[in-house]
2 protein chains.
Amino acid sequence: MDSRLKSFVSPEILSREGYTPGFQPKGKGNLIKLNTNENPFPPSPLVANAVLEQTQRLQFYPNPSSHKLRNLIAETHELQEEQVIVGNGSDDILNLCVRAFSDSTRSVGMLNPSYSLYPTLTSLQGSKLEQVEFSDDQFDLPVEKIISSGVNLFFLTNPHAPSGLSFPQHKILEILNRLDAILVVDEAYADFSTKSSISFLEYVDNLIITRTFSKSYSLAGARVGYAFSTPRIIEVLDSVREVYNVDRMSQAAAFAALSDKEYFEDCKSKIISERSKAHEFLTRLGWRTVESQANFILTEPVTKGGKAGKIVAKSLFDYLEKHDIFVRYFPNHRLTESKIRISIGTEKQMTTLFQNINNWQNENS
Amino acid sequence: MDSRLKSFVSPEILSREGYTPGFQPKGKGNLIKLNTNENPFPPSPLVANAVLEQTQRLQFYPNPSSHKLRNLIAETHELQEEQVIVGNGSDDILNLCVRAFSDSTRSVGMLNPSYSLYPTLTSLQGSKLEQVEFSDDQFDLPVEKIISSGVNLFFLTNPHAPSGLSFPQHKILEILNRLDAILVVDEAYADFSTKSSISFLEYVDNLIITRTFSKSYSLAGARVGYAFSTPRIIEVLDSVREVYNVDRMSQAAAFAALSDKEYFEDCKSKIISERSKAHEFLTRLGWRTVESQANFILTEPVTKGGKAGKIVAKSLFDYLEKHDIFVRYFPNHRLTESKIRISIGTEKQMTTLFQNINNWQNENS
């Protein structure tokens, strides 16, 4: 970059690294995409009509607060509309949290590993980041380290990614009670779990719960996220939000998807059932596999000869990719470097995956 | 706000005022909405099908860089794809400019009056704002004041809002050559004008031109904006952008609208023709009316008895509202307080407006 342009750019921006999304393979017909935790099923059939209706009104600005959608979300979760905010994906809301509750003197905390967007948003804001490590490879929630982290805002992904583990709710409540900071519980995957921290909203004043339509509602392509909190915190987040952050079609798509409870439950139970089968398959191979409460599963591949580790995990990742199956591999952390993360697909996709894993084992003793 | 929450919020956030969008009246059938510079025509008929196709793929994340759309935008304006960025409305891109090129030591400049989102974005970033005033009520571009404003980033709306005036291009080039800062020429309304600063991109290294699909392409409800600059500046803006900032449906809608050149030209010429008729009508009444190059017109109402001013402008605004015609009134600046801004509507809407203006004059001597 030439020096004149450099002088115009804020130094925080120049020095930072961007977020790298999961690889999006070009649309060949037969590939199996199990790398970005998308839902393998299309959205509710109600979505198309709802969107089509909006295409006739696109010359008009959308409702700036996504009013109808907020209302339905509140109703669905038995909250007040004032406790809900809607964003351009939950990424938008995570960004609002960072902008409202952190700056050069108010730092941000997160578990390491967890969602790699948190550091990106934090560096963009010029805030300091505290990465709290797990004590062991069981992903036990390091409660005391979080409470003493000294941050103003802490991101806790639950169910955790990339492990899929659901942290005990009483530990989250303990953090909420003792942490002198805002706790964001990022529940992007909570619809695939039996637990949520929503009920804590009655008792505490420092909780924000973020959710998304991307995973459980099959709307990753529509970019709609939401969050629950106290009316006061929602007011703060709203004051930082772009006025027209969610377009007409996305508001309508999310509204339709949320209305179709039957379709939602149906897709969800199919995914949970495939997750169980995957867990059974992988543990039967003797692979250490986290008991996942999300729509993905983290497992440690082992060769027939009993070898595990970084090279083995990378070997399986490459083998699958060569056979048009895309999973995710995170080589940069000791808790993930010997594992791969598999998004749960359709029954057919998972069967093909299992066959390929068997083949890999047979070819790599 | 209770004091514990207050302690969590950054002081810049607590003290700032939000952006107030134009009033969106509830959807009664017969109202005439000429207050937010929307296009009175629906988008190209190609949009619906393009969007519908995407509703079958919404479970997958969108292309993170809006690649196809960038490409078509570049082609349309005879630029390289590396010179184009796409945002969630041009508001998103204006925000990226503020985040990349301003901070507590790098200030932002703007003309006063112009787009009231600039101060909102600037305060959110904690950057200082320099408001450059016009020297007279002719909205003459204050070139020297801009050049000596000492900012790192300057927003110049051209055609200017709320006047509709198109500043002389040689003056913009002079600013570009002498201003030691990034100049954003916000060309939200440029499609309704005969001029643009695009050709300057060949000669200067500090120019960003922002555009939108909201106005001339009838896609305010889809939230798609774009910008042109040097590849290096686009790289910087991309590094600050949310990865999936534009959803699948909006990318497809904008692509389809941009492909339908005939429809675009047809809507545009209808609006320009109604703008001419409005100008003629208003000047025939003896009202001082800016020669607009945008899809709105700023005029100073005068009673039959020859009175003008704040009270008169507000009286017309209220009268029209009572008759379900919504225009915009900006009481907070000396250059706008005695005027009203009218978005250009359909022939039928404008005829009704003219009749109501005549009635108001007859009832207010």
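Residues numbered from 1 in each chain as written. Chains lettered and ligands numbered in written order. Predicted model: local features only at pLDDT ≥ 70, side-chain atom pairs only at ≥ 80, totals over all residues.

### Digging into the overall build of chain A
Along its length, chain A carries 13 helices and eleven strands. Over its C-alpha atoms chain A spans a radius of gyration of 21 Å, differing by no more than 12% from the 21 Å that the globule rule assigns to 365 residues. Here the C-alpha coordinates of chain A stretch approximately 60 × 55 × 50 Å along the principal axes. Counting over 365 residues, chain A shows a buried share of 52%. (Helix = DSSP H or I, 4+ residues; strand = E, 2+ residues; numbered from the N terminus. Rg over C-alpha atoms; globule rule 2.2 N^0.38 Å. Buried ≥ 20, exposed ≤ 12 C-beta atoms within 10 Å, placed from the backbone.)

### A word on unusual backbone geometry
Here A:Ala161 and A:Pro162 are connected by a cis peptide whose omega angle stands at 10 degrees. Residues B:Asn112 and B:Pro113 are joined by a peptide bond in cis, for which omega reads 5 degrees. Within the secondary structure, B:Pro113 sits in the loop between β3 (108–112) and α6 (117–124). The backbone phi angle of A:Arg223 is positive, close to 55 degrees, even though this residue is not glycine. Its place among the elements puts A:Arg223 in the loop between β7 (207–212) and β8 (225–228).

### Considerations on the sheet that holds strand β6 (residues 182–186) of chain A
Residues and elements named next belong to chain A. Reading across from one edge, β2-β8-β7-β6-β5-β3-β4 is the order of the seven strands in this open sheet, with mixed pairing throughout. The open sheet has two free edges, formed respectively by β2 (84–87) and β4 (129–133), since each of these has just one partner strand. Neighbour to neighbour, the strand axes of the sheet diverge by 25 degrees on average, direction disregarded. As judged from the four bridges shared by β7 and β8, these two strands associate in the antiparallel manner. Bridging from a neighbouring strand, Arg211 pairs with Tyr226 of β8. Along the sheet, helix α5 (residues 89–101) makes contact with β2, β3 (108–112), β5 (153–157), β6, β7 and β8, crossing β7 at roughly 155 degrees. (Pairing = 2+ DSSP bridges. Axes fitted to C-alpha atoms, helices over the stretch in contact; angles between N-to-C directions. Contact = placed C-beta atoms within 7 Å.)

### A look at the interface of chain B and chain A
Counting residues at the interface gives 65 residues for chain B, matched by 65 residues for chain A. Counted by class, the side of chain B that touches chain A contains 34 nonpolar, 17 polar and 14 charged residues. (Nonpolar A, V, L, I, M, F, W, Y, C, P; charged D, E, K, R; others polar.)

### A word on the environment of B:Ile175
Residues and elements named next belong to chain B. Relative to the helices and strands, Ile175 resides in helix α8 (residues 169–178). Under the C-beta neighbour-count criterion, Ile175 is labelled buried, with 22 such atoms within 10 Å. Leaving out residues up to four positions away in the same chain, Ile175 has contacts with Val143, Ile146, Ile147 and Leu183.

### Here we look at the relation of the copies chain B and chain A
Between chain B and chain A, which share one sequence, the superposing operator has a rotation angle of 180 degrees and an axial displacement of 0.0 Å; the RMSD is 0.0 Å. Seen this way, the second copy is the image of the first under a two-fold rotation axis. Taking the C-alpha atom as reference, chain B places B:Leu52 closest to the rotation axis, 3.3 Å from it. A high fraction, 100%, of the interface residues of chain B reappear at the interface in chain A, so the copies pair face to face through one surface. (Least-squares fit on C-alpha atoms with pLDDT ≥ 70 in both.)

### Some remarks on the nonpolar core
General note: in soluble globular proteins, nonpolar side chains tend to be found buried as a group. Residues A:Leu183, A:Ala253, B:Leu183 and B:Ala253 are the most contacted members of the largest nonpolar core, which totals 216 residues. Residues in contact with B:Ala253, not counting those within four places in the same chain, are A:Leu58, B:Pro43, B:Val47, B:Ala50, B:Val51, B:Leu219 and B:Ala222. (Core = buried A, V, L, I, M, F, W, Y, C linked by C-beta atoms within 7 Å.)

### Focus on the domain arrangement of chain A
Where interface size is quoted, it is often the accessible area lost as the parts come together. Residue and element names in this part refer to chain A. Per the domain assignment, the segments making up chain A are domain 1 (25–41 + 262–363) and domain 2 (46–259). Between the C-alpha centres of domain 1 and domain 2 there is a distance of 26 Å. Each partner contributes residues to the interface: domain 1 has 23 residues there, and domain 2 has 21 residues. Those elements that provide at least two residues to the side of domain 1 that touches domain 2 are α11 (261–284) and β9 (296–299). For the side of domain 1 that touches domain 2, the element with the highest residue contribution is α11, accounting for five residues. Grouping the constituent residues of the side of domain 1 that touches domain 2 by class yields twelve nonpolar, seven polar and four charged. (Domains from an automatic or database assignment.)

### Regarding the packing of helix α5 (residues 90–101) of chain B against α6(B)
All names here are of chain B. Following both chains from N to C, one finds α5 and α6 inclined at 45 degrees, their axes separated by 10 Å at the closest point. Overall, the two elements α5 and α6 adopt an arrangement that is oblique. The crossing of α5 and α6 is right-handed. Here α5 contributes Asp91, Leu94, Asn95 and Val98 to the contact with α6, which in turn contributes Leu117, Leu121 and Thr122. Among the residues making up the contact of α5 with α6, the classes are represented as four nonpolar, two polar and one charged. (Parallel < 35°, antiparallel > 145°, perpendicular 65-115°, else oblique. Left-handed = near helix turned anticlockwise from the far one by under 90°.)

### What to know about the pairing of β6(A)
All names here are of chain A. By the criterion of burial, β6 is predominantly enclosed, with five of the five residues buried. Both faces of β6 are covered, namely the face carrying Ile182, Val184 and Asp186 and the face carrying Leu183 and Val185. For the handedness criterion, the β-α-β arrangement of β5, helix α8 (residues 169–178) and β6 is classed as right-handed. (Right-handed = clockwise from strand over helix to strand, strands pointing away.)

### Here's the deal with α5(A)
For α5(A), with 13 residues, the first-to-last C-alpha span of 19 Å sits near the 18 Å given by 1.5 Å per residue. For α5(A), the buried fraction is high: 13 of the 13 residues fall into the buried class. (Expected span 1.5 Å × (residues − 1).)

### Some details on the environment of A:Met110
Residue and element names in this part refer to chain A. Its place among the elements puts Met110 in strand β3. Under the C-beta neighbour-count criterion, Met110 is labelled buried, with 26 such atoms within 10 Å. Residues Met110 and Leu58, 52 residues apart in the sequence, show an inter-C-alpha distance of 39 Å. In this structure, Met110 is in contact with Tyr118, Leu129, Gln131 and Phe155, ignoring residues within four places of it in sequence.

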